[in-house]
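A closer look at the structure
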Amino acid sequence: FTLINTVDFIKRLQKIMDYQGESASSFAEKIGVQRSSISHILSGRNKPSLDFILKILSAYPEVDLYWLFNGKGIFPSEEKTKP
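A few points on the structure. (Residues numbered from 1 in each chain as written. Predicted model: local features only at pLDDT ≥ 70, side-chain atom pairs only at ≥ 80, totals over all residues. Heavy atoms only, no water.)

**Concerning the side chain of E22**
Inspection of the secondary structure puts E22 in the loop between α1 (6-20) and α2 (24-31). No salt bridge is formed by the buried E22, whose closest oppositely charged neighbour, K30, lies at an N-O distance of 4.4 Å. A polar atom in the side chain of E22 sits 2.6 Å from the side chain of S26. The residues touching E22, leaving out its near neighbours within four places in the chain, are M17, F27, K30 and Y60. (Helix = DSSP H or I, 4+ residues; strand = E, 2+ residues; numbered from the N terminus. Buried < 20%, exposed > 50% of the residue type's maximum accessible area, 1.4 Å probe, protein only. Lys, Arg positive; Asp, Glu negative; His and termini not counted. Salt bridge = Lys/Arg side-chain N within 4 Å of Asp/Glu carboxyl O. Polar contact = N/O pair within 3.5 Å; in protein donor to acceptor, adjacent residues only side chain to side chain. Contact = heavy atoms within 4.5 Å.)

**A few points about the packing of aromatic side chains**
The final tally for this structure, using the stated rule, is 3 aromatic pairs. Ring centres 5.1 Å apart and planes at 75° place the aromatic pair Y19 and F75 in the edge-to-face group. Residue Y19 is located in helix α1, and its partner F75 is located in the segment after α5 (65-70); the two are separated by 56 residues in the primary sequence. Judged by relative accessible area, which is 11%, F75 ranks as buried. A ring pair is formed by W67 and F75, whose centres lie 4.7 Å apart and whose planes are at 15°; its orientation type is stacked. An aromatic cluster is present here, built from Y19, W67 and F75 joined pairwise through their rings. (Phe/Tyr/Trp six-rings, centres within 6.5 Å; stacked < 30°, edge-to-face > 60°.)

**Here's the deal with the nonpolar core**
With 22 residues, the main nonpolar core has F9, F27, I38, F52, I56, V63 and L68 as its most contacted residues. Elements with a minimum of two residues in this core: α1, α2, α3 (35-42), α4 (50-59) and α5. With sequence-adjacent residues up to four places away left out, I56 is seen in contact with F9, L13, I16, F27, I31, V63 and L68. (Core = buried A, V, L, I, M, F, W, Y, C linked by side-chain atoms within 4.5 Å.)

**Considering α2**
Considered for burial, the residues of α2 that qualify are A24, F27, A28 and I31. Here the buried residues of α2 occupy an arc of 100° about the axis, which is enough to place them on one side. On its buried face, α2 sits against α1, α3 and α4. One or two steps after α2, the chain reaches G32, where phi turns positive at roughly 80°. (Arc of directions from axis to C-beta.)

**Quick word on the packing of α2 against α4**
Put simply, α2 and α4 touch, their axes get as near as 9 Å, and they point 90° apart. Considering their axes alone, α2 and α4 lie roughly perpendicular with respect to each other. Residue-level inspection shows F27, K30 and I31 of α2 in contact with α4, the latter providing F52, K55, I56 and A59. Class assignment of the residues belonging to the contact of α2 with α4 gives a composition of 5 nonpolar, no polar and 2 charged. (Axes fitted to C-alpha atoms, helices over the stretch in contact; angles between N-to-C directions. Parallel < 35°, antiparallel > 145°, perpendicular 65-115°, else oblique. Nonpolar A, V, L, I, M, F, W, Y, C, P; charged D, E, K, R; others polar.)

The structure is reproduced here in structure tokens:
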């Protein structure tokens, strides 16, 4: 869908991965998608599907939907301390 600015979405996706200390492979595994799906989205080749976005929100409750979609709001949405 085109409700999303892909370039900005990629930046936010990268920010989530950096915050979590995830590589593309470990992030893909954690949210339950193929490694290639992450690569294609990060490269801008594919747009994120709604299913992809819902998987991120499910795996990472600290990610705010509005922030992920349009950059409004804050990330992480709830302070969590790293062990």
